[in-house]
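Single-letter residue listing:
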Amino acid sequence: MNLTVDNVLESWRAKAELIVKHNPPKPILDHGHVRLIDVMGDDQAIVQAARVSYGLGHSEHKVALGGEDWMQEWTEDHPGLTCEVCGLDSTEVKSLTHCPEGDRKLIRYLSRVRHTSPLEQCEIKLHMKMPIFVARQLVRHRTANLNEVSGRYSVLPAEFYVPELGRIQKQSRDNKQGSGEPFSDAEASHIQSNIRTMAQDEFKHYSWMNAQDVAKELSRINLPLSTYTEWYWKIDLHNLLHFLALRKDAHAQKEIRDYADVIGDVVADWVPFTWEAFLDYRFRAETFSQQEMELLRSMVSGALYEGGVPRDWHSQPRWRQRVFGMYDIETVRERKAFLKRMGLL
Ligand SMILES: Cc1cc2nc3c(=O)[nH]c(=O)nc-3n(C[C@H](O)[C@H](O)[C@H](O)COP(=O)(O)OP(=O)(O)OC[C@H]3O[C@@H](n4cnc5c(N)ncnc54)[C@H](O)[C@@H]3O)c2cc1C
Ligand SMILES: [Zn+2]
């Protein structure tokens, strides 16, 4: 096909529409959802931006033939002549010029070295419905653009979040921001029914105030943080991945994590190479402090064992104190985090 501006645009739009169709609205919590509205760009757009200096929109197959006319040989289908990057021969490739594996490798490289600006070429727009307390956490991600339903203008429906029984947990003992042990079934049921009744009461008062013709901007002010709100939310892929790294994390509150997990699934479908690289180089990767690196290097080189330090030093408090002391890893919190990252706690 001869590419013109019109049909290039058409193919971008067609692809975006396909991705939207492929990702129907996903329900979250008791009344919430994430609905994909639109995407701009894809893995290919990231490669295109990164390759702007080469004037190429994609990665090419690499065939070690020498000489200028390798393309001719490659088209002529020499058996056994394979691309060094994807390992396929010319009968197996989908396109004789475009090497998708080259694109994948480039995106992995960009992610590894944090060359992130090409990711900003991609954008996503979502329609989200979530409790206000989740929206308050989401709104901290300042790089997103949003338009929210207005409680000054519309009467808000009586939709509020009631956590499931298993989610009704006690205050965590070791994390001041977190949840810990579950309640017994009977206790959880009692708390859940209180949560529901209190919210219902607030909505009754809200209806009463609206019936008295109190301005909507005032009648809403006692509604609970569990009230659902909705908005259109648009963000570029670089900042979206930053958001997902923070909010898919186990330290994020469960309710916002539910939204991040669903958005992550959409991203995996939309930009699979970028998603794979994000998981490998960011989300499932760890960074280590200078002190931890020194400790790790010593462990790897066996230096720690020379002084008679036992292999399972981590499980022996006295040795552990000494080794952490040797490497200036000072606080108990840092020491614990290190052991956790090493899979030792
Ligand atoms: C587990 C957890 C607990 C949290 N607890 C609290 C809390 O107790 N209290 C609280 O207030 N917040 C809390 N937050 C919110 C947190 O401090 C951030 O506001 C939020 O995660 C958004 O991150 P961000 O600023 O990097 O993202 P974005 O606002 O999307 O910004 C992305 C990046 O753009 C750059 N940027 C954006 N705006 C500016 C700017 N004006 N100046 C300079 N650089 C900018 C920064 O590099 C930033 O990292 C918590 C977040 C998490 C994940
Ligand atoms: Zn190839």
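Residues numbered from 1 in each chain as written. Chains lettered and ligands numbered in written order. Predicted model: local features only at pLDDT ≥ 70, side-chain atom pairs only at ≥ 80, totals over all residues. Heavy atoms only, no water.

Some thoughts on the nonpolar core
Turning to step 1, where the next piece is worked out: Within the largest apolar cluster, 49 residues are counted, with the highest numbers of intra-cluster contacts made by Met 128, Trp 233, Leu 237, Leu 240, Leu 244 and Ile 263.
Turning to step 2, where the next piece is worked out: For this core, the element with the most residues is helix 9 (residues 254-270), which contributes eight residues.
Turning to step 3, where the next piece is worked out: Sequence-distant contacts of Leu 237, defined by excluding residues within four places in its chain, comprise Ile 46, Leu 119, Cys 122, Val 267, Trp 270, Val 271 and Thr 274.
Turning to step 4, where the next piece is worked out: Listed in part, the 11 residues of the second largest apolar core include Leu 295, Leu 296, Tyr 327 and Leu 339. (Core = buried A, V, L, I, M, F, W, Y, C linked by side-chain atoms within 4.5 Å. Buried < 20%, exposed > 50% of the residue type's maximum accessible area, 1.4 Å probe, protein only. Helix = DSSP H or I, 4+ residues; strand = E, 2+ residues; numbered from the N terminus. Contact = heavy atoms within 4.5 Å.)

Points about the coordination of the zinc ion (ligand 2)
By definition of the ideal shapes, a tetrahedral metal site with four donors has angles of 109.5 degrees and an octahedral site with six donors has angles of 90 or 180 degrees.
Turning to step 1, where the next piece is worked out: Looking at the zinc ion (ligand 2), the protein donor atoms are His 61 (ND1), Cys 83 (SG), Cys 86 (SG) and Cys 99 (SG), and they sit 2.2 to 2.4 Å from it.
Turning to step 2, where the next piece is worked out: Coordination geometry of the zinc ion (ligand 2): the four donor atoms subtend angles of 101 to 121 degrees at the metal centre, consistent with an arrangement described as tetrahedral.
Turning to step 3, where the next piece is worked out: For His 61, a relative accessible area of 4% puts it in the buried group. (Donors = N, O, S within 2.8 Å, 3.2 Å for Na, K, Ca; no water. Tetrahedral: all angles 85-135°; square planar, octahedral: opposite > 155°, others 65-115°.)

Quick look at the site of ligand 1
Turning to step 1, where the next piece is worked out: Contacts to ligand 1 come from Arg 140, His 141, Arg 142, Thr 143, Gln 177, Asn 239, His 242, Leu 246, Arg 247 and His 251.
Turning to step 2, where the next piece is worked out: Arg 140 has a polar side-chain atom sitting 2.6 Å from an oxygen atom of ligand 1.
Turning to step 3, where the next piece is worked out: Starting from 940 Å² of accessible surface for ligand 1 in isolation, the protein chains cover 49%.
Turning to step 4, where the next piece is worked out: Across the shell around ligand 1, the residue classes tally to one nonpolar, six polar and three charged. (Near = heavy atom within 4 Å. Polar contact = N/O pair within 3.5 Å; in protein donor to acceptor, adjacent residues only side chain to side chain. Areas by Shrake-Rupley, 256 points an atom, 1.4 Å probe, with all protein chains shown as cover. Nonpolar A, V, L, I, M, F, W, Y, C, P; charged D, E, K, R; others polar.)

Some details on helix 2 (residues 43-50)
Turning to step 1, where the next piece is worked out: For helix 2, the full list of buried residues reads Asp 43, Ala 45, Ile 46, Val 47 and Ala 50.
Turning to step 2, where the next piece is worked out: Capping the start of helix 2, Asp 42 holds a side-chain oxygen 3.0 Å from the backbone nitrogen of Gln 44, two or three residues further along.

Focus on the layout of surface pockets
Turning to step 1, where the next piece is worked out: Of the volumes computed, that of the largest pocket is approximately 1,300 Å³.
Turning to step 2, where the next piece is worked out: Around the largest pocket sit 37 residues that line it, and Ser 172, Asn 175, Gly 178, Ala 250 and His 251 are the ones nearest its centre.
Turning to step 3, where the next piece is worked out: By residue number, the principal contributor to the lining of the largest pocket is helix 14 (residues 332-341), which donates six residues.
Turning to step 4, where the next piece is worked out: The residue inventory of the lining of the largest pocket, partitioned by class, reads 14 nonpolar, 10 polar and 13 charged. (1 Å grid on protein atoms, 1.4 Å probe; cavity = no way out; pocket = protein on both sides within 12 Å on 5 of 7 lines; lining within 4 Å. Points joined across faces, edges and corners; volume = space filled by probe spheres on them.)

Side note on the pattern of salt bridges
Turning to step 1, where the next piece is worked out: One pass over the structure, following the stated rule, counts 17 salt bridges.
Turning to step 2, where the next piece is worked out: The salt bridge involving Glu 159 is made with Lys 129; its shortest N-O contact spans 2.8 Å. Linking Glu 159 in the loop between strand 4 (145-148) and strand 5 (169-171) with Lys 129 in strand 3 (residues 123-131), this pair joins segments that are 30 residues apart in sequence.
Turning to step 3, where the next piece is worked out: Given the relative accessible area of 21%, Glu 159 is considered partly exposed.
Turning to step 4, where the next piece is worked out: Under the relative-accessibility criterion, Lys 129 is labelled buried at 11%.
Turning to step 5, where the next piece is worked out: A network of salt bridges, in which partner residues are shared, links Glu 101, Arg 104, Lys 105, Arg 108, Glu 276 and Asp 280. (Salt bridge = Lys/Arg side-chain N within 4 Å of Asp/Glu carboxyl O.)

Some points on the packing of aromatic side chains
Turning to step 1, where the next piece is worked out: Scanning the entire structure with this criterion turns up eight aromatic pairs.
Turning to step 2, where the next piece is worked out: Relative to Phe 203, the ring of Phe 160 has its centre 5.8 Å away and its plane inclined at 25 degrees; by these criteria the two rings are stacked. Note that Phe 160 is positioned in the loop between strand 4 and strand 5 and Phe 203 in helix 6 (residues 185-211), a separation of 43 residues in sequence. Accessibility assignment for this pair places Phe 160 and Phe 203 in one class, buried.
Turning to step 3, where the next piece is worked out: Plain terms: the ring middles of Phe 278 and Phe 283 are 5.9 Å apart, the flat faces sit at 20 degrees to each other, and that makes the pair stacked.
Turning to step 4, where the next piece is worked out: By relative accessible area, which is 27% here, Phe 283 ends up partly exposed.
Turning to step 5, where the next piece is worked out: A connected cluster of aromatic rings, assembled from ring pairs, spans Phe 160, Phe 203 and Tyr 206.
Turning to step 6, where the next piece is worked out: A cation over an aromatic ring shows up here: Lys 129 above the ring of Tyr 228, its NZ or CZ 5.9 Å from the ring centre. (Phe/Tyr/Trp six-rings, centres within 6.5 Å; stacked < 30°, edge-to-face > 60°. Lys NZ or Arg CZ within 6 Å of the ring centre and 35° of its normal.)

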